[in-house]
Amino acid sequence: MAEKRACLKVSACVLLIFLSAVMLMSCTGRKNEKNFLKIAVSEEPESFNIWLASDANSRKMLSLIYQPLYIRDPEELDLIPWLASSDPVYFPEDLSYTVSLRQVKWSNGSDLTSSDVVFTINLIKAFQVPRFISKWRFVKKVEAVDKHTVRFYLEEPKAVFLTRSLGVPIVSQKEWEAVAEKAIHSEKPYKTLINHKIEIPLGCGPFVLKEKRQGAYLYFKKNPFFFGENQTIKGHTLGPYIDRLLFKVYRSADVAILALKKGSVDYYWSGIQPGHMKGLTRHKKIDVFVSKKSAFYYMGFNVRKPPFSDPHLRRAMAVLIDKQFIVSLILQGFATQMTSVVPKGNGFWHNPDLPDYGCGLSRAERIKKAYHMLSSKGYTWEDPPVNQNNEIVSPSPIRLPHGRPMEAFTILTPPAGYDPHRAACGTMIQEWFKDLGLPAQSRPMSFGALLNTVKARHEFDTLIFGYGRLSLDPDYLRSFFHSNNDKSRGWNMSGYKNSEFDRLANASLAAMDKFERQKLIWEMQEIILRDLPYLPLYNPALIEAVNNTAFSGWVEMVGGIGNIWSLCCVKHQGVVP
């Protein structure tokens, strides 16, 4: 009976959203539904104000509206011209870059010019917009040379100018000039700016927002002025070939996946849990895509104080952690083991020659190796984990080199409801540590409280944490581990300090030659894997699914098929589901 009620509830949810879509189509008088792509999302966007929007669904939809000068090639991940017509030209004598623009129009038919680019950057700098200011703080001046040429003057050489700064979305001066003028003279300029409500953003991307109904859907139409239409960029001839685009909001993944199977939606733009894989792969009308992510999940140590200030202890703990077990059983094979802070999928920057602690060892061999590593550094046990016959036994609590017992410590994790994988990792690692007499206790904590405890107050021992969306530029290494960032709410949450790492990190920021910078980034990875403020654990795969009865042409890249390349290339197959 309970199962029947649950099915009725799911069916009612699907019916409600389906009826909303029918109402939307009928009230706007649409015909030719073949080119009507329907996408399920887990939540509606929080804001269409580009300066405020930071949630995943806002960024997804705004990526179809506001466009950058350069974007990532889906195959090689190199930055390629987008609003720009060619690569930037560098003038070393005055540390400047010149960028030429394509002939681009805003969605209202007006021209996008160099003045829009200059206005965008000056707004970011004037309001110190948190999401973007770090990419532009070192740019001292931006000028419009002519209507389609922009010149950027740097205070000093910065490699991230090419890899990150030029990927910032450009806004219309006409749309934002009056808003910015009013905000800058207000009591709280930035707050006034982000509180400005945008109903229909003016962009230059492939789609234009036309209508939205809170909690139900968002309706987009093809932008007739999109500069990329019929252009071949990096081997992809762009459309968009879709006339209309509907985002349907499903609060439950189960309901969204049921809608996908029924053909009520064509794509679910969200990561799918491995538990759904069996049902999806058996469905003839469903294609499943498993993509690499630019992500990093790890065990972190607070190295500011004993005992985790001792790198010998951290290395021994790393030996005890079986990453293959985590990937195979906890993540059901839908992940890759990580040996570096830089994911393997980010091939050019990933150092492949790093130590993988404990790799290939059995459980007993891991315990023995960790035991010998620590006993040689002065750690002791009344009853050691390896007896005189070289057998594994239940140990007494470990004693630190000064002779006192190690105090109980906590492995903080997000709760299972937020991330079941990290919560399960904490529980499993706790048991592995106990095999060596390490008094570990895994403790879930709400994500907001966890961030405040770790990032603001630095009141933790160890944690299982992660970044689900890393930049493809590895400058985050500097952010995570440079000693200058060891401060309240700073990115260096572990408190790691190493003068050699700092020197390399500073040099990598200024290295303009790509291969020189690669060498520095590889050296930085070596130092981190030697000292282990963070132990890389895994990079989860991104599982996505589409209903294959109507549309094809999805473009796979790191981060999945939910990208602007896909939505510019997907075509209807001429078959009505």
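Quick caveat, the model's predicted, so the values are computed rather than measured.

Draft legend 1. Fine view of the packing of helix 15 (residues 499-510) against helix 16 (residues 514-531). Close contact between helix 15 and helix 16 brings their axes to 9 Å; oriented N to C, the two are set at 155°. Overall, the two elements helix 15 and helix 16 adopt an arrangement that is roughly antiparallel. The two elements helix 15 and helix 16 cross, and the hand of that crossing is left-handed. Where helix 15 abuts helix 16, its residues Glu500, Phe501, Leu504, Ala505, Ala507 and Ser508 lie against Arg517, Leu520, Ile521, Glu523, Met524, Ile527 and Ile528.

Draft legend 2. Quick peek at the sheet that holds strand 12 (residues 207-213). Read across the open sheet, the 7 strands follow the order 12-13-16-1-17-25-18; overall the sheet is mixed. Looking at strand neighbours, the two that pair on one side only are strand 12 and strand 18 (286-291), the edges of this open sheet. Where strand 1 (residues 36-41) lies against strand 17 (residues 267-268), 2 bridges are found, and the strand directions are parallel. By the bridge assignment for strand 17, Ile39 is matched with Tyr267.

Draft legend 3. Structural context of the side chain of Asn498. If you trace the backbone, Asn498 turns up in the loop between helix 14 (476-481) and helix 15. Among the polar contacts listed, one links the side chain of Asn498 to the side chain of Tyr496, at a separation of 3.2 Å. There is a polar contact of 3.1 Å between the side chain of Asn498 and the side chain of Asp531. Once you skip the residues sitting within four places of it in the chain, Asn498 turns out to touch Ile527, Arg530 and Asp531.

Draft legend 4. Representation of helix 9 (residues 311-320) within the structure. For helix 9, a buried count of 8 out of 10 residues is recorded, marking the element as mostly surrounded by other parts of the structure. Taken together, the buried positions of helix 9 are occupied by Leu313, Arg314, Arg315, Ala316, Met317, Ala318, Val319 and Leu320. For helix 9, the elements touching its buried residues are strand 19 (296-301), helix 11 (363-375), strand 21 (409-413), helix 12 (420-434), helix 16 and strand 24 (534-540). Where helix 9 begins, the capping side chain belongs to Asp310, and its oxygen is found 2.9 Å from the backbone nitrogen of His312.

Draft legend 5. Region of the structure containing the packing of aromatic side chains. What the rule picks out here adds up to 41 aromatic pairs. Between Tyr297 and Tyr538 the ring centres are 5.2 Å apart and the planes differ by 5°, which places this aromatic pair in the stacked class. Within this pair, whereas Tyr297 is found in strand 19, its partner Tyr538 is found in strand 24, the two being separated by 241 residues in sequence. Note on Tyr538: relative accessible area 1%, which makes it buried. Judged by centre distance (5.6 Å) and plane angle (40°), the rings of Tyr476 and Phe480 are tilted. Of the two residues, Tyr476 and Phe480 both sit in helix 14, 4 residues apart, roughly one turn of that helix.

Draft legend 6. Quick look at the environment of Arg251. The topology assignment puts Arg251 in the loop between strand 16 (244-249) and helix 7 (253-262). Judged by relative accessible area, which is 58%, Arg251 ranks as exposed. It is 24 Å that separates the C-alpha atoms of Arg251 and Pro444, two residues lying 193 residues apart in sequence. Excluding anything up to four places from it in sequence, Arg251 contacts Ser42, Glu43, Glu44 and Gly215.

Draft legend 7. How the structure looks around the packing of helix 9 against helix 11. Orientation of helix 9 relative to helix 11, taken along the N-to-C sense of each, is 175°, at an axis distance of 8 Å. As judged from the angle between their axes, helix 9 and helix 11 are roughly antiparallel. For the pair formed by helix 9 and helix 11, the contact residues are His312, Leu313, Arg315, Ala316, Val319 and Leu320 on the first element and Arg363, Arg366, Ile367, Lys369, Ala370, Met373 and Leu374 on the second. Looking at the contact of helix 9 with helix 11, its residues break down into 8 nonpolar, 1 polar and 4 charged.

Draft legend 8. Just the confidence of the model for the protein, in detail. Here the protein averages 92 in pLDDT, and 93% of its residues register 70 or above. Within the model, the stretch residues 14-31 combines pLDDT values under 50 with 25 contacts to residues more than four positions away or in other chains.

Draft legend 9. Looking closely at the pattern of salt bridges. Taken as a whole, this structure holds 22 salt bridges when the rule is applied. When the shortest N-O distance is used, the salt bridge between Asp111 and Lys147 registers 3.0 Å. With Asp111 in strand 8 (residues 111-112) and Lys147 in the loop between strand 9 (139-146) and strand 10 (149-154), this residue pair connects regions lying 36 residues apart in the sequence. On the accessibility criterion, Asp111 (34% relative accessible area) is partly exposed. The partner of Arg503 in a salt bridge is Glu500, and the shortest N-O contact between them spans 2.8 Å. With Arg503 and Glu500 both in helix 15, this residue pair falls 3 residues apart, about one helical turn. Classification of Arg503 by relative accessible area gives partly exposed; the value is 45%. Via salt bridges that share partners, Lys105, Asp111 and Lys147 belong to a single interconnected network.

How each quantity is defined
Residues numbered from 1 in each chain as written. Predicted model: local features only at pLDDT ≥ 70, side-chain atom pairs only at ≥ 80, totals over all residues. Heavy atoms only, no water. Axes fitted to C-alpha atoms, helices over the stretch in contact; angles between N-to-C directions. Helix = DSSP H or I, 4+ residues; strand = E, 2+ residues; numbered from the N terminus. Parallel < 35°, antiparallel > 145°, perpendicular 65-115°, else oblique. Left-handed = near helix turned anticlockwise from the far one by under 90°. Contact = heavy atoms within 4.5 Å. Pairing = 2+ DSSP bridges. Polar contact = N/O pair within 3.5 Å; in protein donor to acceptor, adjacent residues only side chain to side chain. Buried < 20%, exposed > 50% of the residue type's maximum accessible area, 1.4 Å probe, protein only. Phe/Tyr/Trp six-rings, centres within 6.5 Å; stacked < 30°, edge-to-face > 60°. Nonpolar A, V, L, I, M, F, W, Y, C, P; charged D, E, K, R; others polar. pLDDT = per-residue confidence, 0-100. Salt bridge = Lys/Arg side-chain N within 4 Å of Asp/Glu carboxyl O.

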